[in-house]
Amino acid sequence: MAIDKEAIKEHIKGILTALGDDPEREGLKETPERVANMYEEVFEGMNYTNREIADMFSKTFDVPDSENNDMVMVKDIDVFSYCEHHLALMYDMKVSVAYIPDKKVLGLSKIARIAEMAAKRLQLQEKLGCDIADIISMASGSEDVAVFIKGKHSCMTARGIKNTSSFTQSTTLRGRFKTDSMLQNRFLMQLN
């Protein structure tokens, strides 16, 4: 799916008119194009399936069986996304990802790239965690994946209840992280 920048420009122009403003006035003339360019960048992940993202970032390294049975974790990956319900910014988001390698390890930067690309979609925080876990599993070959996300949602902080102090936390557990309480506890303790 390619992002249709021309359609975005026309719709943004219509939104500006619907808001009672003049899209032809000096400060707004280039706004539809700016928004279309921004959307192309911040929604880049919408161009790809989870499988395609996994294939893009699947650089792995073989490790001997005796050396690959412990948790690998990357903490506090900064991402932002947009809520699919309000098109509102989800911000100050920190993603932590852990997995148990299965004969190979994923390049560490690939974990951050996967989290960032999955976030570049209209999302729900809970779905983002699932997407990251699925992509990490596909890219690494491991079914043992855990994802923790903490973030703020402007649909709660800037509108509606306007609660600026709240954070939303979500956890996605797959494989042994879901069934092995000791492993799950190790993961959760590492988040502090």
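Refer to the structure presented above.
Because the structure is a prediction, the values reported are computed rather than measured.

What counts as what
- Residues numbered from 1 in each chain as written.
- Predicted model: local features only at pLDDT ≥ 70, side-chain atom pairs only at ≥ 80, totals over all residues.
- Heavy atoms only, no water.
- 1 Å grid on protein atoms, 1.4 Å probe; cavity = no way out; pocket = protein on both sides within 12 Å on 5 of 7 lines; lining within 4 Å.
- Points joined across faces, edges and corners; volume = space filled by probe spheres on them.
- Helix = DSSP H or I, 4+ residues; strand = E, 2+ residues; numbered from the N terminus.
- Nonpolar A, V, L, I, M, F, W, Y, C, P; charged D, E, K, R; others polar.
- Core = buried A, V, L, I, M, F, W, Y, C linked by side-chain atoms within 4.5 Å.
- Buried < 20%, exposed > 50% of the residue type's maximum accessible area, 1.4 Å probe, protein only.
- Phe/Tyr/Trp six-rings, centres within 6.5 Å; stacked < 30°, edge-to-face > 60°.
- Lys NZ or Arg CZ within 6 Å of the ring centre and 35° of its normal.
- Pairing = 2+ DSSP bridges.
- Salt bridge = Lys/Arg side-chain N within 4 Å of Asp/Glu carboxyl O.
- Expected span 1.5 Å × (residues − 1).
- Arc of directions from axis to C-beta.
- Contact = heavy atoms within 4.5 Å.

### Here's the deal with the layout of surface pockets
Right, on to step 1. Here the second largest pocket defines a volume of roughly 150 Å³.
Right, on to step 2. In terms of lining, the second largest pocket is formed by Ile 12, Ile 15, Leu 16, Val 35 and Tyr 39.
Right, on to step 3. For the lining of the second largest pocket, the elements supplying multiple residues, two or more each, are α1 (5-18) and α2 (31-42).
Right, on to step 4. In terms of residue count, α1 provides more of the lining of the second largest pocket than any other element does, 3 residues in total.
Right, on to step 5. Counted by class, the lining of the second largest pocket contains 5 nonpolar, no polar and no charged residues.

### Some details on the nonpolar core
Right, on to step 1. If you look at the biggest cluster of nonpolar residues, it comprises 30 residues, and the most contacted ones within it are Val 95, Ile 132 and Ile 136.
Right, on to step 2. Secondary structure elements with two or more residues in this core: α3 (50-56), β2 (72-83), β3 (89-99), α4 (108-119), α5 (125-140) and β6 (145-153).

### Some words on the packing of aromatic side chains
Right, on to step 1. Here the structure, examined in full by the defined rule, presents 4 aromatic pairs.
Right, on to step 2. The interplanar angle of 65° and the centroid separation of 5.1 Å between the aromatic rings of Tyr 39 and Phe 43 together place this pair among those described as edge-to-face.
Right, on to step 3. On the numbers, 6.2 Å between centres and 85° between planes, the contact of Phe 80 with Tyr 82 is edge-to-face.
Right, on to step 4. Among the aromatic residues, ring-to-ring pairing joins Tyr 39, Phe 43, Phe 80 and Tyr 82 into one connected group.
Right, on to step 5. The side chain of Lys 150 reaches across the aromatic face of Phe 167, ending 4.7 Å from its centre.
Right, on to step 6. Over the ring of Phe 167 we find Lys 152; its NZ or CZ atom is 4.8 Å from the centre of that ring.

### Some remarks on the sheet that holds strand β7 (residues 168-173)
Right, on to step 1. With mixed pairing, 5 strands are arranged side by side in an open sheet as β5-β2-β3-β6-β7. Strands at the two margins of the open sheet, each flanked by one partner only, are β5 (122-123) and β7.
Right, on to step 2. The pairing of β2 with β3 spans 8 bridges and is antiparallel. Note on β3: the bridge partner recorded for Val 72 is Tyr 99.

### Quick look at the pattern of salt bridges
Right, on to step 1. In total, this model carries 13 salt bridges according to the counting rule given.
Right, on to step 2. Close ionic contact of Lys 5 with Glu 40 constitutes a salt bridge, the shortest N to O distance being 3.4 Å. Here Glu 40 lies in helix α2 and Lys 5 lies in helix α1, a separation of 35 residues in the sequence.
Right, on to step 3. The closest approach of N and O atoms between Glu 6 and Lys 9, which form a salt bridge, is 3.0 Å. Taken together, the residues span about one helical turn, with Glu 6 and Lys 9 both in helix α1 at a distance of 3 residues.
Right, on to step 4. It is possible to trace a salt-bridge network through shared partners that takes in Arg 121, Lys 127 and Asp 131.

### Regarding α1
Right, on to step 1. For α1, spanning 14 residues, the distance from its first C-alpha to its last is 20 Å, which sits close to the expected 20 Å at 1.5 Å a residue.
Right, on to step 2. All of the buried residues along α1 are Ile 8, Lys 9, Ile 12 and Leu 16. Down the axis of α1, the smallest arc covering the buried residues is 100°, so these residues share one side. Set apart from the buried face of α1 by more than 90 degrees, the exposed residues are Glu 6, Glu 10, His 11 and Ala 18.
Right, on to step 3. Residues of α1 that are buried in the fold lie against α2.

Any functional reading would require information beyond the geometric quantities listed.
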